[in-house]
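A structural walkthrough
Single-letter residue listing:
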Amino acid sequence: MSKVIPKLFRINTGSCNGCDVEFVATAFVDKFQLDTLGIELVSDVKDANLLVITGPLSARSESFLKNALGKLKKPFVVVGIGTCSVSCGIFRDSYAINGPIDKFVEVDVNIAGCPPRPQSIAEGIAKGVKVLEQKMHGEATPKAIDTIFKDFSAPESFRGRMSLNEENCTACRTCETVCPSNAIEISSTDDGWFVHKIWHNSCCFCGNCAYFCPTDAIFATNSFDTAKLQSEKFSDVNIGYIDYQKCSCCGEMYMPPSQGLLNKSYIYNNVSKLNERICSKCRKEANFKRMYA
Ligand code: SF4
Ligand code: SF4
Ligand code: SF4
């Protein structure tokens, strides 16, 4: 088998430059091991077979991208760096944005993050090189590629992928409202559940949801595992289920206060009575009778 030489060309399609700076930092720091992939950086897109794209694809950059796509060596691989390139991130729905990039080009690997951690960028580009090898050898692209740089780790304090503790969630929708990237969606089912989804391909790791959550139900982890094949783009979702309860007094379905909320609201009181399985209307009536009857 002939050796594949990945020749990398980078295009900025309206990025804030955060992802570009992070990419350069990744390329020049030894510990991220990009040099082990045998990549050549090229200055002319005609020589490239590994296209790296940053930015949400502003209207002005669309023709530039299309022009570059027509000149690439075939077969080629496309890697999108940053939540902007994957889903437009905080710029989604802007009149000046025509992306995300997969509306115009077959993307192979997405690296979410705003910007992504260098380890994620290294992992995503390594996956891109694997896909390029498969394409050059005529192999079918696999559904998943194992983690390549296994010895990477992030500090505990690193703000990475968000997660949810369903036990503490009251489905109040605060996180959905404050999320600038539209990465959180809360819906209800006919059989009495709220479904809480965090779309990792849209999250920009801002931490707003965790800051405003009244019960600490949503929180950042230090996971930077954001380099995914395009086939995984819409399945990289954190799903939590929050259930309604039947009021033991009137029988209506209602959302009980979570233990996390009770602990925050009644720190000096015994909350056991308040935590009875009755809805807020029945609880108000019971309290009124207890005080004034
Ligand atoms: S993903 Fe974030 S850091 Fe990267 S270009 Fe977009 S806004 Fe900038
Ligand atoms: S995670 Fe927090 S803010 Fe979001 S719906 Fe649940 S309780 Fe509300
Ligand atoms: S950290 Fe939370 S608020 Fe910020 S983009 Fe991600 S899901 Fe939305």
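Please read these numbers as outputs of a predicted model, since none were measured by experiment. (Residues numbered from 1 in each chain as written. Chains lettered and ligands numbered in written order. Predicted model: local features only at pLDDT ≥ 70, side-chain atom pairs only at ≥ 80, totals over all residues. Heavy atoms only, no water.)

Of the strand pairs in this sheet, strand 7 (residues 184-188) and strand 8 (residues 193-199) are connected by five bridges, and their pairing is antiparallel. Residue pairing for strand 8: isoleucine 184 is matched across the bridge by isoleucine 198. Here strand 7 folds back onto strand 8, and the loop between the two strands holds four residues, one of which, glycine 192, carries a positive phi near 90°. Strand direction decides the pairing type here: strand 8 and strand 11 (residues 237-243), joined by seven bridges, are antiparallel. Its bridge partner being in strand 11, valine 195 is matched across the sheet by tyrosine 241. (Pairing = 2+ DSSP bridges. Helix = DSSP H or I, 4+ residues; strand = E, 2+ residues; numbered from the N terminus.)

With that out of the way, let us pick up the site of ligand 2. Taken together, 15 residues form the shell around ligand 2, and within it Cys169, Cys172, Arg173, Cys175 and Cys213 come nearest. Residue composition of the shell around ligand 2, by class: 10 nonpolar, four polar and one charged. (Near = heavy atom within 4 Å. Nonpolar A, V, L, I, M, F, W, Y, C, P; charged D, E, K, R; others polar.)

This next bit is on the site of ligand 3. Within the structure, ligand 3 sits among 13 residues, and Cys179, Cys203, Cys206, Gly207 and Cys209 are positioned closest to it. Class assignment for the residues of the shell around ligand 3 results in 10 nonpolar, three polar and no charged.

Our focus in this paragraph is the sheet that holds strand 4 (residues 77-81). The strand order 2-1-3-4-5-10 describes an open sheet built from six strands, whose pairing is mixed. Each having just a single partner strand, strand 2 (40-41) and strand 10 (227-229) make up the two edges of the open sheet. Pairing analysis gives five bridges linking strand 3 (residues 50-54) to strand 4, with the strands arranged parallel. Each bridged residue has a counterpart across the sheet, and for leucine 51 the counterpart in strand 4 is valine 78.

Time to look at the pattern of salt bridges. Considering all chains together, one arrives at 11 salt bridges under this definition. The closest approach of N and O atoms between lysine 233 and aspartate 102, which form a salt bridge, is 2.6 Å. With a gap of 131 residues between them, lysine 233 in the loop between strand 10 and strand 11 and aspartate 102 in the loop between helix 3 (83-87) and strand 5 (109-111) connect regions that are remote in the sequence. Judged by relative accessible area, lysine 233 falls into the buried class, the value being 5%. Among the residues examined, aspartate 102 registers a relative accessible area of 25% and is labelled partly exposed. (Salt bridge = Lys/Arg side-chain N within 4 Å of Asp/Glu carboxyl O. Buried < 20%, exposed > 50% of the residue type's maximum accessible area, 1.4 Å probe, protein only.)

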